[in-house]
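Structure assessment
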Amino acid sequence: MSDLEEIAELLKLKDILEKEVALMERKYREAMRDQEVLKEVLEKLKLENQRLRRAGDGIFRKSEGISSQRR
Amino acid sequence: MKIVVRPESGWRKVTFNIPDEVFERISELGERYGFRMDRVLRIILLGGFIEDEESGDFEELEKEIDSLERELYELEGKWSPLKFKTYYIAMDNQNLAIQISGLIAENKRLRKMLGKEDKDYSEIERLIHYYMGFESYE
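Let me begin by describing the structure that accompanies this report. Just so it is clear, the structure is predicted and the values come from calculations on it, not from any experiment.

A count of helical and extended segments in chain B gives four helices and two strands. Here chain B holds 138 residues, and 28% of them are scored as buried. A separation threshold of at least 6 residues defines the contact pool for chain B, and within that pool the share at least 24 residues apart is 34%.

As C-alpha cells, then:
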C-alpha cells in the first residue's frame, strides 16, 4: 500500500470514528435525559400509589366497620 | 503559455510552449491540491513525485500518517469509554423502566378499585418499551 493510499484509508477510518463518537455522544445525552424523566416518574408514581393505597385502606376499613356493625 | 526552465547554476535554459487550456487545468489542479505552479511543473517534467522516497514530500506524507494515526488512537480512546458509560446508563434505565411498569400496573389497579379515572401513561410507556427491549448499542 502506498503512502497516499494509507492516508486515504486512515482518513476514511477517521471519518467513520468521528461519526461513531458523535452518535455515541448523542445516545449518551439521550440516555441521561431519559434517566432523569424515568426517575421523576418513578418518584411521582411511588407517592401517588402510596396515597391511593392509604385512601383504599380507609375505604376498606370503613366498609369492614359497616359490615361488622351489621353482624 | 511559454515556459522557461533555468538551471540553478549555469546559463543554459529550456523554453517550451504549452496550450493555454492545459496551463489553466494545471493551475486549477495545483491550487486544488495546494502546490505552487513551479512545483507542479517540476513534478510534471521530472516525475517521480510519489515514487521518490527520498524527497521531502515523502517525509511530509510519513508525518501526515503519524499524525492521522495519533488522531485515530485519540478517537478510539474517546469512543470506547463513552460506549461503556452509555451502555450502563441504558441498563439503569431498563431497571427503572421495569420498576415503573410495575408501579403503573399498581396505579391502574388502585385507581380502578377507588373508582378513579385512568391516567394517560402512553408517553412514559413508549420509553419503557424502548428500554425493556434494550440489549446493546451494537
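On to helix α4 (residues 122-132) of chain B. Residues and elements named next belong to chain B. Taken together, the buried positions of α4 are occupied by Ile124, Leu127, Ile128 and Tyr131. Burial along α4 is one-sided: seen end-on, the buried residues are contained in an arc of 105°. Exposed side of α4, more than 90 degrees from the buried face: Arg126 and His129 are the residues found there.

Considering the arrangement of structural elements, one finds Arg111 of chain B in helix α3 (residues 56-113). Residues within four places of Arg111 of chain B in sequence aside, it is in contact with Glu48 and Leu52 of chain A together with Lys116, Glu117 and Lys119 of chain B.

The subject of this paragraph is the interface of chain B and chain A. Taken together, the contact between chain B and chain A spans 39 residues of the former and 35 residues of the latter. For the chain B and chain A pair, buried surface summed over both sides reaches about 3,600 Å², with 75% attributable to carbon and sulfur atoms. Linking chain B with chain A are five salt bridges. In this structure, Glu48 of chain A and Lys119 of chain B form a salt bridge, with 2.7 Å as the shortest nitrogen-oxygen distance. Applying the counting criterion to the chain B and chain A interface returns twelve residue pairs in polar contact (both at pLDDT 80 or more). Where the side of chain B that touches chain A is concerned, the elements lending two or more residues are α3 and α4 of chain B. In terms of residue count, α3 of chain B provides more of the side of chain B that touches chain A than any other element does, 30 residues in total. Grouping the amino acids of the side of chain B that touches chain A by side-chain chemistry returns 22 nonpolar, four polar and 13 charged.

Attention now moves to the side chain of Asp34 of chain A. Counting through the fold element by element, Asp34 of chain A comes out in helix α1 (residues 3-70). Judged by its relative accessible area of 10%, Asp34 of chain A is buried. In terms of polar contacts, Asp34 of chain A uses its side chain to reach the side chain of Tyr131 of chain B, at 2.6 Å. If we ignore the near neighbours within four places in the chain, the residues touching Asp34 of chain A are Asn93, Leu127 and Tyr131 of chain B.

A word on the packing of aromatic side chains. Residues and elements named next belong to chain B. For the structure on display, the rule yields four aromatic pairs over all chains. For the pair Tyr87 and Tyr88, a centre-to-centre distance of 5.1 Å together with 85° between the ring planes defines the contact as edge-to-face. An aromatic cluster is built from Phe84, Tyr87, Tyr88 and Phe134, whose rings are joined through pairwise contacts.

Rules of the game
- Residues numbered from 1 in each chain as written.
- Chains lettered and ligands numbered in written order.
- Predicted model: local features only at pLDDT ≥ 70, side-chain atom pairs only at ≥ 80, totals over all residues.
- Heavy atoms only, no water.
- Helix = DSSP H or I, 4+ residues; strand = E, 2+ residues; numbered from the N terminus.
- Buried < 20%, exposed > 50% of the residue type's maximum accessible area, 1.4 Å probe, protein only.
- Contact = heavy atoms within 4.5 Å.
- Arc of directions from axis to C-beta.
- Buried area = accessible area lost by both parts, 1.4 Å probe.
- Salt bridge = Lys/Arg side-chain N within 4 Å of Asp/Glu carboxyl O.
- Polar contact = N/O pair within 3.5 Å; in protein donor to acceptor, adjacent residues only side chain to side chain.
- Nonpolar A, V, L, I, M, F, W, Y, C, P; charged D, E, K, R; others polar.
- Phe/Tyr/Trp six-rings, centres within 6.5 Å; stacked < 30°, edge-to-face > 60°.

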